[in-house]
Amino acid sequence: MSTPLRLVKGRAAVVQPRLNLSDKAANLSQREDVVVVCKNNLEFMRSLGRGSMKLIVTSPPYNLGKIYETKQSLDDYYDEQSKTIKEAVRLLHPQGSICWQVGNYVDDGEVYPLDIMLYPLFKGAGLKLRNRIIWSFGHGLHCQKRFSGRYETILWFTKGDDYTFNLDEVRVESKYPNKKHFKGPNKGKLSGNPLGKNPSDVWEMPNVKANHVEKTNHPCQFPVGLVKRLVLALTNIGDAVLDPYIGVGSSAIAAIITKRKAYGCDNVPEYIQIAQERIDQLYAGTLRVRPMNKPVFEPPPKQSE
Ligand SMILES: C[S@@+](CC[C@H](N)C(=O)[O-])C[C@H]1O[C@@H](n2cnc3c(N)ncnc32)[C@H](O)[C@@H]1O
């Protein structure tokens, strides 16, 4: 049995499995390593081994002057990102993936798409883009002088051509699951995959605002379901998943739920504290997580008068 490891504020601590674990949680705690650290990401990443991470999935700051960041020039932001990305590439397993989830940097009403800006850093490091996933959500700021932004992107890169991709793990229900071939040798047989269809590169999931069950004090969490789909598709049980900007631990939760090893850091102690509380709740079976494939609520059409 491997004991979950946790690092707090730079100190290493071996955390014994809690005594009040439910059976389900106990099974998880016996299998999973969890390393969550309050540290600057470069320092943490440099302590990890080359090629050790099967998936590096993260959402960095967007340089918007949020409470956890200092707005800087775009050049300085780019330089900082390039150092973190370089370190991520060093840590990436030969069959592994990097998923960089970003939105736009906005200055004086002008929009700078961060994925377009950062793409050359990954490409220049020899990675290959496999998908530019559109994550669309229904809510956000209402703009007056441009269309309101309702999506962000995830750039999914692999290190090589031989990469892990478990499509069957993330299939979603087909629109017409009982549709059959109507002619030819397969006439009468189901025409679609009985396991469901490919979820495509457009993902509609609510962002973590207001009444979302996962909402914490963090202003910019991503939903656990978003990361879970990536973890299931791009890693196998027991693989290591790293989030170098882990915030309140959403990536670690997705990794633990799917029986992967979770690594992550954030430089704000309050967020790491919340991450630890959420992980404890997960092991205790009390953490609320929105199901990965739960459809977005559509209000019924208005009755015409
Ligand atoms: C967009 S948020 C990520 C939130 C995360 N995905 C979640 O679900 O909670 C970016 C995070 O990066 C952290 N951060 C910014 N610069 C950092 C650095 N140099 N090292 C570690 N963490 C950093 C911030 O504190 C913030 O929590």
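What counts and what doesn't
Residues numbered from 1 in each chain as written. Predicted model: local features only at pLDDT ≥ 70, side-chain atom pairs only at ≥ 80, totals over all residues. Core = buried A, V, L, I, M, F, W, Y, C linked by C-beta atoms within 7 Å. Buried ≥ 20, exposed ≤ 12 C-beta atoms within 10 Å, placed from the backbone. Helix = DSSP H or I, 4+ residues; strand = E, 2+ residues; numbered from the N terminus. Pairing = 2+ DSSP bridges. Axes fitted to C-alpha atoms, helices over the stretch in contact; angles between N-to-C directions. Contact = placed C-beta atoms within 7 Å. Parallel < 35°, antiparallel > 145°, perpendicular 65-115°, else oblique. Left-handed = near helix turned anticlockwise from the far one by under 90°. Nonpolar A, V, L, I, M, F, W, Y, C, P; charged D, E, K, R; others polar. Expected span 1.5 Å × (residues − 1). Arc of directions from axis to C-beta. Right-handed = clockwise from strand over helix to strand, strands pointing away.

Caption draft 1: Fine view of the nonpolar core. In terms of nonpolar packing, the biggest core is built from 60 residues, with Ile 56, Val 231, Val 241, Ala 252 and Ile 256 touching the most fellow members. Here the element with the most residues in this core is helix α5 (residues 224-234); it accounts for 8 residues.

Caption draft 2: Examining the sheet that holds strand β8 (residues 128-136) more closely. What the 8 strands build is an open sheet, ordered β3-β12-β11-β4-β5-β9-β8-β10; its pairing is mixed. Two strands lie at the open edges of the sheet, namely β3 (34-38) and β10 (202-204), each paired on one side alone. The sheet shows a mean angle of 15 degrees between the axes of neighbouring strands, taken without regard to direction. Pairing of β8 with β10, which is carried by 3 bridges, proceeds in the parallel orientation.

Caption draft 3: Structural view of the environment of Phe 165. Structurally, Phe 165 can be placed in the loop between β9 (151-158) and β10. Each C-alpha atom of the pair Phe 165 and Leu 234 lies 5.0 Å from the other, and the pair is 69 residues apart in sequence. Not counting the four nearest positions on each side in its chain, Phe 165 is found in contact with Ala 233 and Leu 234.

Caption draft 4: Fine view of the packing of α5 against helix α6 (residues 250-257). The geometry of α5 relative to α6 is characterised by a closest axis approach of 8 Å and an angle of 50 degrees between their N-to-C directions. Here α6 runs oblique to α5, going by the angle between their axes. Where α5 crosses over α6, the two elements pack in a sense that is right-handed. Judged by residue contacts, Val 224, Val 227, Lys 228 and Val 231 of α5 engage Ser 250, Ser 251, Ile 253, Ala 254, Ala 255 and Ile 257 from α6. Partitioning the contact of α5 with α6 into residue classes produces 7 nonpolar, 2 polar and 1 charged.

Caption draft 5: Broad picture of helix α7 (residues 269-284). Taking 1.5 Å per residue, 16 residues should reach 22 Å; α7 reaches 22 Å between its end C-alpha atoms and fits that length. Taken as a whole, α7 has its buried residues at Tyr 271, Ile 272, Ala 275, Arg 278, Ile 279, Leu 282 and Tyr 283. Taken end-on, α7 shows its buried residues confined to a sector of 140 degrees, consistent with a single buried face. Downstream of α7 by one or two residues, Gly 285 has phi in the positive range, about 80 degrees.

Caption draft 6: Summary view of the packing of α6 against α7. Taken N-terminus to C-terminus, the directions of α6 and α7 make an angle of 20 degrees; their axes are 9 Å apart at the nearest point. Here α6 is positioned roughly parallel relative to α7, judged by the angle of their axes. As α6 packs across α7, the resulting crossing turns out to be right-handed. Taken together, the residues of α7 that come into contact with α6 (itself represented by Ala 252, Ile 253 and Ile 256) are Ala 275, Arg 278, Ile 279 and Leu 282.

Caption draft 7: Up close: the pairing of strand β11 (residues 240-243). Residues of β11 alternate between two faces, with Ala 240 and Leu 242 on one and Val 241 and Asp 243 on the opposite face, all of them buried. The sheet contact formed by strand β4 (residues 53-58) and β11 spans 2 bridges and is parallel. Each residue of the ladder has a partner; that of Ile 56, found in β11, is Leu 242. Judged from the 4 bridges that link them, β11 and strand β12 (residues 261-266) form a sheet pairing that is parallel. Each residue of the ladder has a partner; that of Asp 243, found in β12, is Gly 264. In this view, the connection linking β11 to its parallel neighbour β12 by way of α6 has right-handed handedness.

Caption draft 8: Unusual backbone geometry, seen in detail. Within the chain, Ser 200 stands out as a residue other than glycine whose phi angle is a positive 70 degrees. Along the polypeptide, Ser 200 turns up in the loop between β9 and β10. Unusually for a residue other than glycine, Lys 259 sits at a positive phi of about 65 degrees. Relative to the assigned elements, Lys 259 resides in the loop between α6 and β12.

Caption draft 9: The environment of Asn 193, seen in detail. Within the fold, Asn 193 resides in the loop between β9 and β10. Residues Asn 193 and Arg 171, 22 residues apart in the sequence, show an inter-C-alpha distance of 9.3 Å.

Caption draft 10: Representation of the pairing of strand β5 (residues 92-102) within the structure. With respect to burial, β5 is a largely interior element, 9 of its 11 residues being buried. Here β4 runs beside β5; their pairing, made up of 5 bridges, is parallel. Counterpart to Thr 58 in the pairing with β5 is Trp 100. At this point the chain moves from β4, through helix α3 (residues 74-91), to the parallel β5, and the crossover so formed is right-handed. In terms of strand pairing, β5 meets β9 through 6 bridges, oriented antiparallel. The residue bridging Ser 97 from the neighbouring strand is Thr 158, located in β9.

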